[in-house]
Amino acid sequence: MISLPENSPTTWRRLQTKWQVSGLRGLFVTAWMWFWMRWAGWGYLGKITTAIATWLAPPYYARRCLARYHPQGYIAPGATIYHQLLQLGANVFIGERTTIFQDRDGGKVILGDRVHLYGDTYIQTGDAGTVVIGSDTHIQPRCQFSGYKSAIKIGSQVQIAPDCAFYPYAHGIAPDRPIKEQPLTTKGGITIEDDVWLGYRTIVLDGVRIGKGAVIGAGSVVTQDIPAGAIAVGIPARVIKMRGSTLLDKTLKNHESKSTLG
């Protein structure tokens, strides 16, 4: 067996590992994906080479490896990108049927290094709204980020389960006007700090900050701030306990006191 020196380029070492683990076929598949992803891009030719790279690639999560083979990562052939202010970090993964759309006066969409957007996720900006997603954040299928009026800021290493939605604005419901003519208002957008975990079908509304390391239970609707390290569930979401040791009990009591006074 050929052994590469320790200082060999990462790609060649991956090929060697694939050969050792999966044999000649695995080596050929990896080499095929790596070769065609070198020419990937947003243009017509780039989309064609990306599609060719997927011919031998496994489906769904297993295609994450394609993002490592190009500096800007992998954009699925079936993804729709219609946004002039999109900024991509390194090795981003954008899955099939994902849409990134710029509506009238839409602000930036910034995806940090190694962000993963899985299939059928929608990100849209309009009316000066923006969406910023930090590095190593993973967003599971069918999530919606509706960045209007204000910012949606997602930190690093955040885990977002399927079917979550983020709305940094509220829609007027005055009885003297048709709903479609009601104005949009905002309390200042949405901020999700680092290392947060949002469960399945969580909805986050405007004016909310979710602190670092917090966990939000499945099906919750978050209408107020959640402190760092808290576990919150329900409609509306309420803190039920803190992660970790009893040293955090004081933080929970302080948060409950502020909520009562507010």
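Keep in mind the model is a prediction, meaning the values are calculated, not measured.

(A) Quick peek at the overall build of the chain. Scanning the chain from terminus to terminus reveals three helices and 24 strands. Within the chain, the proportion of its 262 residues that are buried is 44%. Counting every atom, the chain has about 14100 Å² of accessible surface; 57% of that belongs to carbon and sulfur.

(B) Molecular detail of the pattern of salt bridges. What the rule picks out here adds up to six salt bridges. Residue aspartate 120 is joined to arginine 97 by a salt bridge in which the shortest nitrogen-to-oxygen separation is 3.0 Å. Of this pair, aspartate 120 sits in the loop between strand E7 (116-117) and strand E8 (122-126) while arginine 97 sits in the loop between strand E4 (92-94) and strand E5 (99-102), placing them 23 residues apart in sequence. For aspartate 120, a relative accessible area of 24% corresponds to the partly exposed category. Of the charged contacts, one joins arginine 201 and aspartate 163 as a salt bridge, the two residues approaching to 3.8 Å between their closest N and O atoms. With arginine 201 in the loop between strand E18 (197-198) and strand E19 (203-205) and aspartate 163 in the loop between strand E13 (159-160) and strand E14 (165-167), this pair connects stretches of sequence that are 38 residues apart. Relative accessible area serves as the criterion here: at 19%, aspartate 163 is assigned to the buried category. Sharing partners across several salt bridges, the network here consists of Arg142, Asp163 and Arg201.

(C) Representation of the packing of aromatic side chains. For the coordinates displayed, the defined rule picks out 13 aromatic pairs. Here phenylalanine 28 and tryptophan 32 contribute two aromatic rings whose centre-to-centre distance is 6.2 Å and whose plane-to-plane angle is 50°, an arrangement assigned as tilted. With a gap of four residues between them, phenylalanine 28 and tryptophan 32 both fall in helix H1 (residues 10-37), about one helical turn apart. When the centroid spacing of 6.1 Å and the interplanar angle of 75° are considered together, the rings of tyrosine 148 and tyrosine 169 count as edge-to-face. Remark: tyrosine 169 occurs in the loop between E14 and strand E15 (170-171) and tyrosine 148 occurs in strand E11 (residues 144-148); sequence separation between them is 21 residues. For tyrosine 148, a relative accessible area of 12% puts it in the buried group.

(D) The arrangement of the sheet that holds strand E10 (residues 138-139) in detail. Here nine strands make up an open sheet; going across it, the order is E1-E4-E7-E10-E13-E18-E21-E23-E24 and the pairing mixed. Both outer strands of the open sheet, strand E1 (73-75) and strand E24 (238-242), are each paired with one neighbouring strand and no more.

(E) Just the sheet that holds E8, in detail. With parallel pairing, seven strands are arranged side by side in an open sheet as E2-E5-E8-E11-E14-E19-E22. Here the strands that pair on one side only, and so sit at the sheet edges, are strand E2 (80-82) and strand E22 (221-222).

(F) Seen up close, the confidence of the model for the chain. Chain-level statistics for the chain give a pLDDT mean of 86 and a share of 84% at 70 or above. Within the model, the stretch residues 1-8 combines pLDDT values under 50 with 11 contacts to residues more than four positions away or in other chains.

(G) Region of interest: helix H2 (residues 44-53). Of the positions making up H2, those classed as buried are Gly46, Thr49, Thr50, Ile52 and Ala53. End-on view of H2: buried residues confined to an arc of 160°, all on one side of the axis.

(H) Focus on the environment of serine 220. Tracing the chain through its elements places serine 220 in the loop between strand E21 (215-216) and E22. Residue classification places serine 220 among the buried positions, given a relative accessible area of 0%. For the pair serine 220 and threonine 202, spaced 18 residues apart in sequence, the C-alpha to C-alpha distance is 4.9 Å. Once residues within four sequence positions are removed from consideration, serine 220 is found in contact with Arg201, Thr202, Ile203, Ala232, Val233, Gly234 and Ala237. Only 2.8 Å separates the side chain of serine 220 from the backbone oxygen of glycine 217, close enough to count as a polar contact.

(I) Spotlight on the pairing of strand E9 (residues 130-133). Residues of E9 alternate between two faces, with Val131 and Ile133 buried on one and Thr130 and Val132 left unburied on the opposite face. In this sheet, E9 lies alongside strand E6 (residues 109-111) in parallel orientation, the contact comprising three bridges. Paired with leucine 111 across the bridge in E9 is isoleucine 133. When E9 meets strand E12 (residues 151-154), the two strands line up parallel, connected through four bridges. Within the sheet, the bridge partner assigned to threonine 130 lies in E12 and is alanine 151.

(J) Summary view of the state of the cysteines. Inspection of the entire model under this criterion finds zero disulfides. No disulfide involves cysteine 164; its sulfur sits 4.7 Å from that of cysteine 143, the nearest cysteine. For cysteine 164, a relative accessible area of 1% corresponds to the buried category.

Analysis parameters
- Residues numbered from 1 in each chain as written.
- Predicted model: local features only at pLDDT ≥ 70, side-chain atom pairs only at ≥ 80, totals over all residues.
- Heavy atoms only, no water.
- Helix = DSSP H or I, 4+ residues; strand = E, 2+ residues; numbered from the N terminus.
- Buried < 20%, exposed > 50% of the residue type's maximum accessible area, 1.4 Å probe, protein only.
- Areas by Shrake-Rupley, 256 points an atom, 1.4 Å probe, with all protein chains shown as cover.
- Salt bridge = Lys/Arg side-chain N within 4 Å of Asp/Glu carboxyl O.
- Phe/Tyr/Trp six-rings, centres within 6.5 Å; stacked < 30°, edge-to-face > 60°.
- Pairing = 2+ DSSP bridges.
- pLDDT = per-residue confidence, 0-100.
- Contact = heavy atoms within 4.5 Å.
- Arc of directions from axis to C-beta.
- Polar contact = N/O pair within 3.5 Å; in protein donor to acceptor, adjacent residues only side chain to side chain.
- Disulfide = S-S within 2.5 Å.

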